[in-house]
Amino acid sequence: MANPVLTAVRSVDGSSIAVETIGSGTPVILIGGAFNDRSTMTALASTLAPHATAVTYDRRGRGGSTDASGDYTVQAEIDDLAAVIEQVGGRAHVFGHSSGAALALEGVLRGLPIDKVAVYEMPAVVDGNRPEPAAEVFDQLVAGIAAGDLDGAAELFLVEQVGVPAPFVAEMRNAPVWDFMSAQAGSLPYDVAVCGPGMRLQSSRYATITIPALVVYGDQTWPWIQTANQALGATIPNARREVLPGADHEVLAQPELLEPLLLDFFG
């Protein structure tokens, strides 16, 4: 198999978006969630590449991508995704993980040329499965990032938006992975924005999706994520719903679990 090819595309506001492709065939764009750049999608891309053109990209403000506007709007990320789709031929299948799943579905809702969409563990508040994140989290993140406190932004996001207990986050700050997470923290307001007000499941909007959709979650993940994706799968008309045995939210480190599902769905 050929080596990955790295290019850059220009988004509407002038941001440069780093795009990597590997393989041949129908393009499948892989979108990571918070604290992810294209490197965290490399293993999944390599797994899919013998059967499709696997496309990974750095969401704006991460890795090799810039953020020309810094206004943290959902539309900016939609423009980026549109530019990536155009770069790989004008139509694509899309897979999104976590907040990347919310972005993938938002791309469908806003009319991007997406033929099939697959999502893994989109975070959402539904039926009291967890408390809504505080409304001020977005503004607090923006202020912390502007002040250069990326560690504080990462901690705030994990505790308030994800719901990780504060003592556990304090331990994470001493782990080797923390430096990588902190480096991605400048883009966290985008993750909050794309998940919508209060991270509430936008059922009435998702009910309008008509393209083939696959909703997946792991049976070892947080109960609130399982509830959210059960509701999401029931909301999207004719969505295929799958539970992955042995998988949790860190499934990108186990691409062999996703491979058969995605290859079957995307064909």
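Let's shift gears to the sheet that holds strand β2 (residues 16-22). Across the sheet, eight strands lie side by side as β1-β2-β4-β3-β5-β6-β7-β8; this open sheet has mixed pairing. Two strands in the sheet have a free side with no partner beyond their single neighbour: β1 (5-10) and β8 (240-244). Mean inter-strand twist for the sheet, computed between neighbouring axes without regard to direction, equals 20°. In the sheet, strand β3 (residues 27-31) pairs with strand β5 (residues 92-97) via four bridges, with the strands oriented parallel. Bridge pairing in β5 links Leu30 to Phe95. Its contacts with the sheet place helix α10 (residues 223-235) against β6 (114-120), β7 (213-218) and β8, and it is angled at close to 165° to β7.

In total, this model carries five aromatic pairs according to the counting rule given. With a centroid separation of 6.3 Å and an interplanar angle of 90°, the aromatic rings of Tyr72 and Phe138 are classed as edge-to-face. Here the residue Tyr72 occupies a position in the loop between β4 (53-57) and α2 (74-87), and Phe138 occupies one in helix α4 (residues 137-146), the gap between them amounting to 66 residues. Overall, the relative accessible area of 24% leaves Phe138 in the partly exposed class.

Packing of α4 against helix α5 (residues 150-162) leaves a shortest axis separation of 8 Å and a crossing angle of 165°. Considering their axes alone, α4 and α5 lie roughly antiparallel with respect to each other. You can see that α4 and α5 cross each other, and the crossing is left-handed. Contact with α4, carried on its side by Val137, Gln140, Leu141 and Ile145, involves Leu150, Ala153, Leu156, Phe157, Glu160 and Gln161 of α5 and no other residues of that element. Here the contact of α4 with α5 is built from residues that sort into seven nonpolar, two polar and one charged.

Rules and cut-offs
Residues numbered from 1 in each chain as written. Predicted model: local features only at pLDDT ≥ 70, side-chain atom pairs only at ≥ 80, totals over all residues. Heavy atoms only, no water. Pairing = 2+ DSSP bridges. Helix = DSSP H or I, 4+ residues; strand = E, 2+ residues; numbered from the N terminus. Axes fitted to C-alpha atoms, helices over the stretch in contact; angles between N-to-C directions. Contact = heavy atoms within 4.5 Å. Phe/Tyr/Trp six-rings, centres within 6.5 Å; stacked < 30°, edge-to-face > 60°. Buried < 20%, exposed > 50% of the residue type's maximum accessible area, 1.4 Å probe, protein only. Parallel < 35°, antiparallel > 145°, perpendicular 65-115°, else oblique. Left-handed = near helix turned anticlockwise from the far one by under 90°. Nonpolar A, V, L, I, M, F, W, Y, C, P; charged D, E, K, R; others polar.

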